[in-house]
Amino acid sequence: LESGCGLSAEHVRRWMGTPDDKFPGKYAARLGLCLSSTQDTIVLKDSDYAILEDIRSWPDEYGICQYEMTDGCGEISPETALRVAESLILPKGSILEAKEVPSAFQVRFRGFKGMVMQSLEEPARLNRHIVFRRSQRKMRIAPGNRLEVCQVSKFRVCWLNRQIISVLEGLSIPCSVFVNMQR
């Protein structure tokens, strides 16, 4: 840091927070989160958000839950999603220029990171604007009040590949559907 700029390495470390992980690789990755390019959006008060446990799969015969179904994914109310979208500065021709609100946002907030997707359920049930999951907490950090956005969901062209077809077949889509699509 430049001398005379008023910042010290210790000040920057306090601003970045303390990663919850102590493994060197994860520790460095968590610090790297603070260096992500983000845009400040709306101010959130403590009463605007809630922190919930993750939804987990049923325990197996040993009592162990194999999957975190909501790992890294919270929820945002449609009204709050609109406020966030309106506060973003995005390039010309973007989805927001067409007045469409993204269905999901990649966010950073007070040591939480991950996705928030639009939902009518949890935020309304809890009378909150945003619901974070415990799995989204990556840092112990000094309180801030701005929701930062890294990316927004957008339309992408995609193709059916072997992996996606396998997933769809697992969801009871008959193989004949895919054969007919190739004709």
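Bear in mind the structure is a predicted one, so any value in this text is a computation, not a measurement. (Residues numbered from 1 in each chain as written. Predicted model: local features only at pLDDT ≥ 70, side-chain atom pairs only at ≥ 80, totals over all residues. Heavy atoms only, no water.)

Visitor: An account of the pairing of strand β5 (residues 104-109) is requested, with residue identities and associated values reported.
Guide: Of all six residues in β5, five are buried; the element is thus mostly enclosed. Note: β5 against strand β6 (residues 112-118), six bridges, orientation antiparallel. Across the sheet, the residue bridging to A104 is M117, located in β6. Between β5 and β6, which pair antiparallel in sequence order, lie two residues; one of them, R110, sits at a positive phi of approximately 45 degrees. With four bridges connecting them, β5 and strand β9 (residues 146-152) associate as antiparallel partners. Residue pairing across strands places R108 opposite E148, the latter belonging to β9. (Buried < 20%, exposed > 50% of the residue type's maximum accessible area, 1.4 Å probe, protein only. Helix = DSSP H or I, 4+ residues; strand = E, 2+ residues; numbered from the N terminus. Pairing = 2+ DSSP bridges.)

Visitor: Before we move on, could you go through the side chain of D54 and cite the residues and values that matter?
Guide: With respect to the helices and strands, D54 occurs in the loop between β3 (49-52) and β4 (73-76). Buried charged residue D54 carries no salt bridge. Nearest counter-charge: R133, at 5.2 Å. Polar side-chain contacts of D54 include one of 2.8 Å to the side chain of T70. Among the polar contacts listed, one links the side chain of D54 to the backbone nitrogen of S135, at a separation of 2.8 Å. The contact partners of D54, leaving out residues within four places of it in the chain, are E68, T70, D71, G72, R133, R134 and S135. (Lys, Arg positive; Asp, Glu negative; His and termini not counted. Salt bridge = Lys/Arg side-chain N within 4 Å of Asp/Glu carboxyl O. Polar contact = N/O pair within 3.5 Å; in protein donor to acceptor, adjacent residues only side chain to side chain. Contact = heavy atoms within 4.5 Å.)

By themselves these figures say nothing about function.
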